[in-house]
Amino acid sequence: MSKVSIIGAHNTKFGNFVKRNKETGEMTDNSSLYELFLEAGRGALTDAGIEAKDIDGIWVGSCSPGLFANQEHIAAFGVEIDPTGLLNKPMTRCENACASGSAAIYSAAYAIEAGRAKTALVIGVEKMNLLDTKGVTHALATCSFWPEEGGKGMSFPALFAEYAKGYKAKYNISDSDLERFLATVAALCYANGLDNPLAHFGKGGPSDKLGLVTAEAILNLPPEKNPVIADPLKLHDCSLVTDGAAALVLMRSESARPRDKKVQIAGIGHANERMAISARGNMYELLAGKEAVRRAYSEAGITAEDIDIAEVHDCFTINQLLTTEALGLSKDGCSGADYFEGRFTRNDKCAINLSGGLKAKGHPVGATGVSMHALAYKQLVGQAIGAVKTGKQPEVAVTFNVGGSSVTNCVTVLKRG
């Protein structure tokens, strides 16, 4: 069992912070990569009540800042959080596609467990909207297996569409039922996102204005409002292109002061799938994801029955079904029906994606894993940002963050106090 705890967290507002003049093409960046980075880092230190000088190192999760914002070597910018307190401290960027944030958390935790650090700052950040749609698609495609996938014009919607097709065929699900299941997942996340003041699609946003909080509302959209992106996945099955950052302060558990708001990293599971989808055992379940779950649960000494809340990687609605099943919260092939029957809301035994998930909160790819941990942490210490689970205060949370086409699978069990 890990001896590392989270003692503070901060999540910036997520959104599209680039304004474009349609007539002139002029672009204004209203919240830069650097501003997001600094806000998250300083916010986490403040939340933890820790001074910068007491940080032993900074680990940064960022997927592709070079392509998205022309800035490689982003971890080194951490000095600017507090040049007096952080000068000469080690700083490292971790990259694992959309699981870069979780990789940074794990690397920091391993350093603490090894005795190389007592206190660490972890930041996840991505600035995606400086690029147009074509540029974003290319940047993300470099996280696929380029020779067979991205280099052949296969986008991430197309890659996850293969999982949707495989899932549908394996479990003999009709077109209409799959469409209904996926719309239910999207609606749940949109509904939760309306209560999250940091969400990309929150109050006053497109999902709110269109009333997309039920499956029926999404299913009844005209084709031009919900076009097919990669059959069977439609626009509202896809997560958002988002700018944002999040940060955590990690500390050796026994070093935390009694007054600290402490959440233990009780179990970690990190497992990799074959990179090319052509090399995988099947395309209807997350095989490596299930192994990551097994490892995390084993280390934490829990089962699926113990989980109060979960933040899962709904980059596409089909992946929310797959991660829910990999976590053992639904039987294989049954999660769509479970969601459709009303499970996993804030009123259920286990609430999923109270933040709104990637679908509504947003998906600044390198920041996503840190954000999942940050918002789960806030739920566990009674400072929930957004939707709140009904009933007793949550004690056990799980995050399930993936990189690429569910190639990198990172599962964390968090325990309150």
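The rules behind the values
- Residue positions are given per chain, counted from 1 along the sequence in the order it is written.
- Per-residue local features of the predicted model are confined to residues with pLDDT of at least 70, and side-chain atom pairs are confined, for both listing and counting, to 80 or more; whole-chain, interface and lining totals are unaffected and use all residues.
- Remark: hydrogens and water are excluded; side-chain values derive from all non-hydrogen atoms of the structure.
- Strands here mean DSSP runs of E at least two residues long; helices mean DSSP runs of H or I at least four residues long; both are numbered from the N terminus.
- Both definitions apply: the radius of gyration is a C-alpha atom measure, and the globule rule equals 2.2 Å times residues to the power 0.38.
- Residues count as neighbours in contact if any of their non-hydrogen atoms are within 4.5 Å of one another.
- If DSSP finds at least two bridges between two strands, the strands pair.
- The axes are straight lines fitted to the C-alpha atoms, using for helices just the contacting stretch, and the angles between their N-to-C directions are given from 0 to 180°.
- The rule is simple: take the accessible area with a 1.4 Å probe, protein chains only, and divide by the maximum for that residue type; under 20% is buried, over 50% is exposed, in between is partly exposed.
- Only buried Ala, Val, Leu, Ile, Met, Phe, Trp, Tyr and Cys residues count toward a nonpolar core, and they belong to the same one when joined by side-chain atoms within 4.5 Å.
- Multiply 1.5 Å by the residue count of a helix minus one, and that product is the helix's expected span.
- Two rings from Phe, Tyr or Trp (for Trp, the six-membered ring) form a pair when their centres are within 6.5 Å of each other. A pair whose planes differ by under 30 degrees is stacked, one over 60 is edge-to-face, and the rest are tilted.
- Put simply, a charge is over a ring when the Lys NZ or the Arg CZ is close to the ring centre, within 6 Å, and near the line of the ring normal, within 35 degrees.

Peer 1: Help me understand the overall build of the chain in this model?
Peer 2: Broken down by element type, the chain carries 14 helices and 14 strands. Relative to the 2.2 N^0.38 estimate, which gives 22 Å for 417 residues, the radius of gyration of the chain is 20 Å and therefore close to what a compact globule would have. When its C-alpha atoms are laid out on the principal axes, the chain stretches across 60 × 55 × 40 Å. If you take every contact in the chain between residues at least 6 apart in sequence, the share linking residues at least 24 apart comes to 78%.

Peer 1: What's the story with the sheet that holds strand β11 (residues 309-312) in this structure? I'm lost.
Peer 2: Adjacent strands of a sheet form backbone hydrogen bonds with each other and so pair up, either parallel or antiparallel. One open sheet holds the 10 strands; their spatial order is β5-β4-β6-β9-β1-β10-β14-β13-β11-β12, and the pairing between them is mixed. The sheet is open, and its two borders are formed by β5 (91-94) and β12 (351-352), each paired with just one other strand. Both strand β6 (residues 119-126) and strand β9 (residues 244-252) contribute to a ladder of eight bridges, which runs antiparallel. Paired with A120 across the bridge in β9 is L250. Lying over the sheet, helix α10 (residues 287-300) contacts β10 (263-272), β13 (396-403) and β14 (408-416), oriented at roughly 150° with respect to β10.

Peer 1: So what exactly am I meant to see when it comes to the side chain of N226 here?
Peer 2: Mapping N226 onto the fold places it in the loop between α9 (215-219) and β7 (228-230). Look at N226 and you get buried, because its relative accessible area is 9%. Leave out the neighbours within four places in its chain, and N226 touches I218, L221, K234, L235 and H236.

Peer 1: I tried to follow the nonpolar core on my own but got confused; where do I start?
Peer 2: Burial of nonpolar side chains together is a common tendency in soluble globular proteins. Core analysis: the largest hydrophobic core is formed by 62 residues, its most contacted members being Y297, I318, L327, F400 and V413. When residues in this core are grouped by element, the largest group, eight residues, is from helix α6 (residues 156-170). Once residues lying within four places of it in the same chain are set aside, the contact partners of Y297 are I302, T303, A304, I307, L327, V398 and V413. Counting residues in each nonpolar core, the second largest holds 35 residues, with A246, V370, A397 and L414 among its members.

Peer 1: Explanation requested: helix α14 (residues 368-380) in the structure shown.
Peer 2: In an α-helix there are 3.6 residues to a turn, and that puts residues three or four apart on one side. Here α14 contains 13 residues, and its C-alpha end-to-end distance of 18 Å stays within 8% of the 18 Å for a straight helix at 1.5 Å per residue. Across the 13 residues of α14, 13 count as buried, placing the element largely inside the fold. At the C-terminal side of α14, G382 shows a positive phi close to 75°.

Peer 1: Help me understand unusual backbone geometry, please; the structure alone is not making it clear to me.
Peer 2: Most of the time, phi is negative for any residue but glycine, and the peptide bond is trans. In this structure, P232 follows D231 across a cis peptide bond, with omega equal to 10°. Within the fold, P232 resides in the loop between β7 and β8 (233-234). Within the chain, H73 stands out as a residue other than glycine whose phi angle is a positive 60°. By the secondary structure assignment, H73 is in the loop between α2 (65-69) and α3 (83-86). Positive phi, normally seen in glycine, also occurs at S406, with a value near 60°. The residue S406 is located in the loop between β13 and β14 in this model.

Peer 1: Looking at this model, I keep getting lost on the packing of aromatic side chains. Mind explaining?
Peer 2: As enumerated under the stated definition, the model contains 11 aromatic pairs in all. Ring centres of F37 and F77 lie 5.4 Å apart, and the angle between their planes is 75°; this geometry places the pair in the edge-to-face category. Placement of F37 in helix α1 (residues 33-48) and of F77 in the loop between α2 and α3 is noted, with a sequence separation of 40 residues between them. Over the ring of F340 we find R180; its NZ or CZ atom is 5.8 Å from the centre of that ring.

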